[in-house]
Amino acid sequence: MENQDKIICSELFQKQRKVEVVLYPAVLAWKEIEKSSKRSSGTSESEHSQTVKVCEIVAVHKTEDEADAQARSHPKKINQPSQQYPYAFTVSYVRRTRQHLWCCADVTFHCADQQICEQWIQVANEQLSLLTNRPKNLLVYINPYGGKRRGERIYEQKVAPVFRRAGIFTDVIVTERANHARDHLKTEANLDDYDGVVCVGGDGMFSEILHGLVTRIQTDHGVDQNQPDAELVPCSLRIGIIPAGSTDCICFATQGTNDPVTSALHIVVGDSQPMDVCSVHHNGVFLKYSVSLLGYGFYGDVLTDSERNRWLGPARYDLSGFKTFLSHNYYGGTVSFLPADDNVGHPRDKLQCRSGCRICQHKHSSKDEHDEASEEKEKAAEDSDRGWSVIHGKFIAINSASMSCACPRSPKGLSPFAHLADGTTDLILVRKCSRLDFFRHLLRHTNNDDQFDHWFVEVHRVRKFRFQPGHPDLAPLEDASEHPESPDLSPISSLQETYDDRTAESSWNCDGEILHHTAIQVSVQCQLIRLFARGIEEQQDAEVAV
Ligand SMILES: CCCCCCCCCCCCC/C=C/[C@@H](O)[C@H](COP(=O)(O)O)NC(=O)CCCCCCCCCCCCCCC
Ligand SMILES: Nc1ncnc2c1ncn2[C@@H]1O[C@H](COP(=O)(O)OP(=O)(O)O)[C@@H](O)[C@H]1O
Ligand SMILES: [Ca+2]
């Protein structure tokens, strides 16, 4: 650092202490200069120095506070060091607290000379203007009814002040009905006016923004979404998520926390996280996109039941989860899938997707290098049934997790080692088993045990899959005690009476929305969108050494 060019360096005051403040191209550093009793002549630098990366500075602006104003108007009353230095500027920056939480901290530097103060503000802002990945204009959609219905308040109180400080212009739309945001993005919004779209709400609201934006881009480029093999055009606008929903899994899994201020700061510093999107078709007709969970059986039933209890807010999922667990339904069907290449790893390889993930980066560069010949070869293999695996059976749950699906209920998520941007999804098949076994499996989502380490669970990393409900070949009423060593908790006969497993069908939970078809074809679109996020950071960043 010593060898790096100093852009500006001054002796200033911070909280009555004299500090040397240096702005380097990438770092702002300040350290206290102590009066030394040993050295008669002057000052020595203390060991303690603080640093902030320039890319994590939110803003640098002139400080107007009462003490400074007083010092300027009554120069004779000066008795404190800060009053001898009446000009001041404040640096607002990202401070990491705990568990991936960020807050916006301020440090104010005082000086005697107005020119120096203004020079600092000008030079620092020039450096900030070189950071071209930062958004200047944002289109914000707020769902006032998501989660605990606090979307508007969260935005006004926690997010808007951060955007104002960073000098970001916003157009804010509070939605008036479901699909308002989706339709506005699809047809009305002038996307050229914005650097990004911000979604204030839960996973369902994110899904609206995703559909509006992706559909709009495909329409503008003449791409037919109904073609399952169509090469979709990636979105240039990034999406920011301010969590104000019930599960907030997309936010939690991409930044490690569901805190609105942290999200706002990731937007301000212009983070960029590419993300896979699954396209879901039924008989060649486009149905939906999904970025987190596509779940048939258990999670489909939980969602269907929970819609009746929306008034309960986020607790509706716990109630419906409990009821669905007791119902203990299972569903026949055939799952076919195209496994991913070995170079993207395996769902149980314990390699977590973290900020700057190598596997996701490798996927991106190999995608760029991909020559047309090998692409055609792949397409031919996919079109024939070569390379596809087929599994028939009775399932309690079929889950496709395109990302970990970490959320406050399960901080490691449905598939803890899934990747955000590797072009694959983890297909988890939970076969018919006893209640006790299924309970053990669910419980393992909340502790350190491996939830895939059960005889009735299998998991595959795939690029495409299909599902066909029903299974005429299997005996209609198989004995539930296939594995006598796993006794059932207790028979809940009243709940089972109306349930006929020969005809029963569940529905698909697609990022918190119910799909109206059960036979589906799913294909992962690698890195179709980008979020204002950076993935989960490995550890709290150590301070930059100076
Ligand atoms: C025994 C405790 C077991 C806890 C197991 C927790 C597993 C949680 C995995 C959650 C994955 C969530 C994936 C994300 C889905 C969201 O897209 C989607 C929409 O979110 P939004 O409302 O914010 O728009 N959310 C959901 O579909 C909600 C899924 C929530 C499932 C909660 C299940 C609770 C299960 C409780 C079982 C209790 C058994 C008790 C037996 C005595
Ligand atoms: N103004 C509105 N009125 C009613 N529903 C809305 C409105 N805006 C969005 N929605 C819908 O509310 C649903 C849930 O939103 P979401 O923000 O995900 O909250 P939650 O996490 O509580 O489910 C979504 O399906 C979304 O389309
Ligand atoms: Ca993925």
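The rules behind each value
- Residues numbered from 1 in each chain as written.
- Chains lettered and ligands numbered in written order.
- Predicted model: local features only at pLDDT ≥ 70, side-chain atom pairs only at ≥ 80, totals over all residues.
- Heavy atoms only, no water.
- Donors = N, O, S within 2.8 Å, 3.2 Å for Na, K, Ca; no water.
- Helix = DSSP H or I, 4+ residues; strand = E, 2+ residues; numbered from the N terminus.
- Buried < 20%, exposed > 50% of the residue type's maximum accessible area, 1.4 Å probe, protein only.
- Arc of directions from axis to C-beta.
- Disulfide = S-S within 2.5 Å.
- Domains from an automatic or database assignment.
- Contact = heavy atoms within 4.5 Å.
- Buried area = accessible area lost by both parts, 1.4 Å probe.
- Salt bridge = Lys/Arg side-chain N within 4 Å of Asp/Glu carboxyl O.
- Polar contact = N/O pair within 3.5 Å; in protein donor to acceptor, adjacent residues only side chain to side chain.
- Core = buried A, V, L, I, M, F, W, Y, C linked by side-chain atoms within 4.5 Å.
- Phe/Tyr/Trp six-rings, centres within 6.5 Å; stacked < 30°, edge-to-face > 60°.
- Lys NZ or Arg CZ within 6 Å of the ring centre and 35° of its normal.
- Near = heavy atom within 4 Å.
- Areas by Shrake-Rupley, 256 points an atom, 1.4 Å probe, with all protein chains shown as cover.
- pLDDT = per-residue confidence, 0-100.
- Pairing = 2+ DSSP bridges.
- UniProt positions renumbered as here; feature names shortened; annotations may be inferred.
- Nonpolar A, V, L, I, M, F, W, Y, C, P; charged D, E, K, R; others polar.

Chemist: Could you give an account of the coordination of the calcium ion (ligand 3), with specific residues and numbers?
Modeler: At the metal site, the calcium ion (ligand 3) is ligated by Asp 276 (OD), Ser 402 (O), His 419 (O), Asp 422 (OD) and Thr 424 (O), and these contacts range over 2.3 to 2.7 Å. Counting the intervening residues between successive donors of the calcium ion (ligand 3) yields the motif D-x125-S-x16-H-x2-D-x1-T. Here Asp 276, found in strand β12 (residues 273–282), pairs with Thr 424, found in the loop between β16 (389–401) and β17 (425–431); they are 148 residues apart in sequence, far enough to count as distant. Taking the relative accessible area as the measure of exposure, Thr 424 reaches 3% and is therefore buried.

Chemist: Can you tell me about helix α13 (residues 435–443), naming the residues and giving the values?
Modeler: Considered for burial, the residues of α13 that qualify are Arg 435, Asp 437, Phe 438 and His 441. Each buried residue of α13 lies within a common arc of 160° when the element is viewed along its axis, so the set occupies one face.

Chemist: I'd like a description of the state of the cysteines, backed by residues and values.
Modeler: Tallying each qualifying case throughout the model produces zero disulfides. Free cysteine: Cys 357, not disulfide-bonded; nearest cysteine sulfur from Cys 360 at 3.8 Å.

Chemist: Got a sec to walk through the domain arrangement of the protein chain? Specific residues and values, please.
Modeler: Along its sequence, the protein chain is carved into domain 1 (8–129), domain 2 (134–271) and domain 3 (278–524). Residue-level contacts link 17 residues of domain 1 with 15 residues of domain 2. Among the residues of domain 1 in contact with domain 2, Val 58, His 100 and Trp 102 are the three that bury the most area, contributing 48% of the side total. For the pair domain 1 and domain 2, the number of links is one salt bridge. The residue Arg 165 makes a salt bridge to Asp 106 at a minimum N-O spacing of 3.0 Å. Taken together, the links from domain 1 to domain 2 amount to five residue pairs in polar contact (both at pLDDT 80 or more). Sorting the residues of the side of domain 1 that touches domain 2 by element identifies β5 (57–62), β6 (87–96) and β7 (102–111) as the ones contributing at least two each.

Chemist: Explain the nonpolar core to me, using residue names and the numbers behind them.
Modeler: In terms of nonpolar packing, the biggest core is built from 70 residues, with Tyr 141, Leu 185, Phe 206, Met 275, Val 291, Ile 529 and Leu 531 touching the most fellow members. For this core, the element with the highest residue contribution is helix α6 (residues 203–220), accounting for seven residues. Each of domain 2 (134–271) and domain 3 (278–524) contributes no fewer than three residues to this core. Beyond its immediate sequence surroundings of up to four residues, Ile 529 is in contact with Phe 206, Leu 210, Val 214, Cys 235, Ile 239, Gln 273, Pro 274, Met 275, Val 277 and Val 291.

Chemist: Residue-level account of the packing of aromatic side chains, with values.
Modeler: Considering all chains together, one arrives at 16 aromatic pairs under this definition. On the basis of an interplanar angle of 65° and a centroid distance of 6.2 Å, the ring pair of Tyr 155 and Phe 163 is categorised as edge-to-face. The pair formed by Tyr 155 and Phe 163 is uniform in burial state, with each residue classed as buried. Note on Phe 467 and Trp 508: the rings are 5.6 Å apart at their centroids and 80° apart in plane angle, and the pair reads as edge-to-face. Of this pair, Phe 467 sits in strand β18 (residues 457–469) while Trp 508 sits in strand β19 (residues 508–510), and the two are 41 residues apart along the sequence. The pair Phe 467 / Trp 508 is uniform in exposure class, with both members buried. Joined through ring pairs, the aromatic side chains of Trp 30, Phe 89, Tyr 93, Phe 109 and Trp 120 make up one cluster. Lying across the ring of Tyr 317, Arg 316 places its NZ or CZ 4.4 Å from the centre.

Chemist: Lay out the site of ligand 2 in plain terms, naming residues and giving numbers.
Modeler: Ligand 2 sits among 20 residues. The nearest are Gly 147, Thr 175, Gly 202, Glu 208 and Ser 246. Residue Gly 204 places a main-chain N or O atom 2.8 Å away from an oxygen atom belonging to ligand 2. At 3.1 Å, a backbone N or O of Met 205 approaches an oxygen atom of ligand 2. Look at ligand 2: alone it shows 570 Å² of surface, and the protein chains cover 87% of it. The biggest single contributor to the shell around ligand 2 is α6, with four residues. Both of domain 2 (134–271) and domain 3 (278–524) provide at least three residues apiece to the shell around ligand 2.

Chemist: Pulling in residues and values, what's your account of the confidence of the model for the protein chain?
Modeler: Mean pLDDT over the protein chain: 86, with 82% of residues reaching 70 or higher. Low pLDDT, under 50, characterises residues 475–497; the predicted model gives this stretch 32 contacts beyond four residues in sequence or across chains. The low-confidence segment residues 541–546, where pLDDT is below 50, has 14 contacts with residues more than four positions distant or belonging to other chains. This complex was scored by the predictor with a pTM of 0.87 and an ipTM of 0.95.

Chemist: Could you give me a rundown of the pairing of β6, with the residues and numbers involved?
Modeler: Of all ten residues in β6, nine are buried; the element is thus mostly enclosed. In this sheet, β6 lies alongside β5 in antiparallel orientation, the contact comprising five bridges. Considered in β6, the bridge of Ala 59 is made with Ser 92. Hairpin connection between β6 and β7: a loop of five residues separates the two successive antiparallel strands, and Gln 99 in this loop has a positive phi of roughly 50°.

Chemist: Can you lay out the UniProt feature "domain: DAGKc" (unreviewed entry) in the protein chain for me, pointing to particular residues and giving the numbers?
Modeler: Mapped onto this structure's residue numbering, the UniProt feature "domain: DAGKc" (unreviewed entry) falls at residues 133–284. The span residues 133–284 is 38% helical and 22% strand by assignment, and the distance between its end C-alpha atoms comes to 38 Å.

Chemist: Lay out the site of ligand 1 with the relevant residues and their values.
Modeler: Residues in close proximity to ligand 1 total 25 residues, the closest being Asp 203, Gly 204, Thr 247, Tyr 317 and Asn 509. At 2.9 Å, a backbone N or O of Gly 204 approaches an oxygen atom of ligand 1. For ligand 1, an oxygen atom lies 2.8 Å from a polar atom in the side chain of Asn 509. Contact with the protein chains removes 88% of the 940 Å² of surface that ligand 1 exposes when unbound. Those elements that place two or more of their residues in the shell around ligand 1 are α6, α10 (316–327) and α13. Ranked by the residues each element gives to the shell around ligand 1, the list is headed by α10, at five residues. Here the shell around ligand 1 is composed, by residue class, of ten nonpolar, ten polar and five charged. Each of domain 2 (134–271) and domain 3 (278–524) contributes no fewer than three residues to the shell around ligand 1.

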